[in-house]
Amino acid sequence: VDNALTAECIRLEMRHAPSCQIIGYVNGRGPCGTTVADAAPDVVVIDDMNDRAATLSRVTEVRAAAPQAKIVLLTMRMESAWLSEAIATGVDAAIAKSASHATVGVLIREVAAGHVFHSFVAAPAQRREVSMLPDLTAREPGIPQWVAPGRSTRKIAGRPIVTGTT
């Protein structure tokens, strides 16, 4: 956790869990891989930063330093696209920062014990329809039905719905 107040609140809540021990606090504003690797934690809590890229970089760094650890992300962003990206990067659980500190402690304890599993629904891909045809006038879509059988331009132009300039 890179926020001292949040770290202290979590520490207070975790004291009620005899099986859990807080082994340290790392200021997330700088590299932390060596510190995390030396501590060999079971759970690492990452406080989401304002910059998405920085948060994902931190997750990658922690995952490389402690591959066995469960990574819990405290975040204000609970959109499925963001959570999907965080999970793909290596986050095991996400907790909304709006949760009370006592609740955060309980949730972290449950994640550490392996009692919580949640798979985030992947954000739907942005679907963009692409037309292979240029913009057509109201008359033009009917032309292929006359061209396909091999009719000449003159015969097609003779139809009452199609002009010679279409």
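Structure: above.
Below is a short write-up of the structure. (Residues numbered from 1 in each chain as written. Predicted model: local features only at pLDDT ≥ 70, side-chain atom pairs only at ≥ 80, totals over all residues. Heavy atoms only, no water.)

**Here we look at the sheet that holds strand β1 (residues 43-47)**
- Spatially, three strands are ordered β1-β2-β3 in an open sheet, and the strand pairing comes out parallel. Each of the sheet's edge strands pairs with one partner strand only, and the pair in question is β1 and β3 (93-96). With strand direction ignored, the average angle separating the axes of adjacent strands in the sheet is 25 degrees.
- The pairing of β1 with strand β2 (residues 70-75) spans five bridges and is classified as parallel. Looking at β2, one finds that I46 is bridged to L73. (Pairing = 2+ DSSP bridges. Helix = DSSP H or I, 4+ residues; strand = E, 2+ residues; numbered from the N terminus. Axes fitted to C-alpha atoms, helices over the stretch in contact; angles between N-to-C directions.)

**Thoughts on the pattern of salt bridges**
- Within this structure, the stated rule accounts for six salt bridges.
- Between D47 and K97 there is a salt bridge; the shortest N-O distance is 2.7 Å. Taken as a pair, D47 in strand β1 and K97 in the loop between β3 and α5 (101-113) lie far apart in primary sequence, 50 residues in all.
- By relative accessible area, D47 is classed as buried at 7%.
- Two residues, R58 and E61, come together in a salt bridge whose shortest N-O distance is 3.0 Å. In this pair, R58 and E61 both sit in helix α3 (residues 52-65), three residues apart, roughly one turn of the helix.
- Judged by its relative accessible area of 11%, R58 falls in the buried class.
- The network of salt bridges with shared partners includes R52, E79 and E85. (Salt bridge = Lys/Arg side-chain N within 4 Å of Asp/Glu carboxyl O. Buried < 20%, exposed > 50% of the residue type's maximum accessible area, 1.4 Å probe, protein only.)

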